[in-house]
Amino acid sequence: MDKKILSLSEISRVEDAVALGAPAFEFVVQALLDRWAVPLRDTETTARLLYVLYHALTEPAVPQRQLAIPVPQLAHVLQQAGGEEKLPPDTLFAFGVLMQWQAWPFGDEAAWKEIGRRWTQLSAALEPDSRLFREWEFFLGDVPTTTGPKIYIRPEVNGRYSGRGMFGARMAEYFIGLLA
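Computed from a predicted model, the values in this text were never measured in an experiment.

Trainee: Lay out the overall build of the protein with the relevant residues and their values.
Mentor: Each helix and strand counted, the protein has 9 helices and 0 strands in total. When the helices and strands of the protein are listed from N to C terminus, the series reads α-α-α-α-α-α-α-α-α. Compactness check: the protein gives a C-alpha radius of gyration of 16 Å against a globular reference of 16 Å for 180 residues, within 12% of the reference. Reported as C-alpha extents along the three principal axes, the dimensions of the protein are approximately 50 × 35 × 30 Å. Classification of the 180 residues of the protein by burial places 48% in the buried group.

Trainee: Got a sec to walk through the packing of aromatic side chains? Specific residues and values, please.
Mentor: All told, the structure shown has 15 aromatic pairs when counted by the stated rule. Centre to centre, the rings of F93 and F133 are 5.0 Å apart; their planes meet at 40°, and the pair counts as tilted. Here F93, found in helix α5 (residues 89-101), pairs with F133, found in the loop between α6 (109-126) and α7 (136-139); they are 40 residues apart in sequence, far enough to count as distant. For the residue pair F93 and F133, the accessibility class agrees, reading buried in each case.

Trainee: Any details on the layout of surface pockets? Residues and values, ideally.
Mentor: By volume, the largest pocket amounts to about 200 Å³. Lining the largest pocket are 12 residues, with E15, A19, M166, A169 and R170 sitting closest to its centre. Of all the secondary structure elements, the ones that give two or more residues to the lining of the largest pocket are α1 (8-19), α3 (43-58) and α9 (165-179). In terms of residues, the lining of the largest pocket owes the most to one element, α9, which gives 5 residues.

Trainee: For α9, give the residues involved together with the corresponding values.
Mentor: Spanning 15 residues, α9 covers 21 Å between terminal C-alpha atoms, matching the ideal 21 Å at 1.5 Å per step. Buried residues of α9: G165, M166, F167, G168, M171, A172, Y174, F175 and L179, and no others. Looking at the packing, one finds that the buried side of α9 touches α1, α2 (25-37), α3, α5, α7 and α8 (153-161).

Trainee: Can you tell me about the nonpolar core, naming the residues and giving the values?
Mentor: Of all hydrophobic cores here, the largest spans 56 residues; its most connected members are Y161 and F175. For this core, the element with the most residues is α3, which contributes 8 residues. Sequence-distant contacts of F175, that is, excluding residues within four places in its chain, are made with F93, A94, V97, L132, F139, V157 and Y161.

Trainee: Can you tell me about the packing of α5 against α9, naming the residues and giving the values?
Mentor: It is the contact of α5 with α9, at a shortest axis distance of 11 Å, that shows an interaxial angle of 70°. Relative to α9, α5 is oriented roughly perpendicular. Once α5 is placed against α9, the crossing between them reads as left-handed. The residues of α9 that touch α5, namely those facing T91, F93, A94, F95, V97, L98 and W101, are F167, R170, M171, Y174 and F175. Within the contact of α5 with α9, the residues separate by chemical class into 10 nonpolar, 1 polar and 1 charged.

Trainee: Break down the pattern of salt bridges for me, citing the residues and quoting the values.
Mentor: Applying the stated criterion across every chain, the model contains 12 salt bridges. A salt bridge links K113 to E109, with the shortest nitrogen-to-oxygen separation between them at 3.9 Å. Of this pair, K113 and E109 both sit in helix α6, 4 residues apart, which is roughly one turn of the helix. It is possible to trace a salt-bridge network through shared partners that takes in E44, D90 and R164.

Definitions and cut-offs
- Residues numbered from 1 in each chain as written.
- Predicted model: local features only at pLDDT ≥ 70, side-chain atom pairs only at ≥ 80, totals over all residues.
- Heavy atoms only, no water.
- Helix = DSSP H or I, 4+ residues; strand = E, 2+ residues; numbered from the N terminus.
- Rg over C-alpha atoms; globule rule 2.2 N^0.38 Å.
- Buried < 20%, exposed > 50% of the residue type's maximum accessible area, 1.4 Å probe, protein only.
- Phe/Tyr/Trp six-rings, centres within 6.5 Å; stacked < 30°, edge-to-face > 60°.
- 1 Å grid on protein atoms, 1.4 Å probe; cavity = no way out; pocket = protein on both sides within 12 Å on 5 of 7 lines; lining within 4 Å.
- Points joined across faces, edges and corners; volume = space filled by probe spheres on them.
- Expected span 1.5 Å × (residues − 1).
- Contact = heavy atoms within 4.5 Å.
- Core = buried A, V, L, I, M, F, W, Y, C linked by side-chain atoms within 4.5 Å.
- Axes fitted to C-alpha atoms, helices over the stretch in contact; angles between N-to-C directions.
- Parallel < 35°, antiparallel > 145°, perpendicular 65-115°, else oblique.
- Left-handed = near helix turned anticlockwise from the far one by under 90°.
- Nonpolar A, V, L, I, M, F, W, Y, C, P; charged D, E, K, R; others polar.
- Salt bridge = Lys/Arg side-chain N within 4 Å of Asp/Glu carboxyl O.

Limitation: the analysis is restricted to geometry and does not speak to function.
Listed below in structure tokens is the structure:
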């Protein structure tokens, strides 16, 4: 293979440039797809690839998001990764919340919304000491406030999602925004 496969750290630098307005979103998607094709299918590549594909599908109004490359179905990527059993709780939780906004990129909207709800509950069950995951009802909008102090949730959000490219930045922004 003559194509250079980028590390996640290298991809993160490009994602940082995208966040500053560089028209390189398609490059990020292709770099993650290249890792996937090798196959480098670790949990972090899986989470980040799922997120950029989800973002590409749910944000079509932004011109740089209109990809000229084929976008695989998210459910197919998830299946190739080994299914939900292979995803860590922080990824399950993040996508469980994302699916409450828009689940259609994964397939049947109603079915995937229910799967997303189950994923947030599963995250809390897998890591019962997580102050973030135990607030799944708050983050899904089922209850008006957290059961515990918000001040303890913010550091966990930062610890779990900081430094994880566009995926981590978006999830941290969303979770911390709700805690404000």
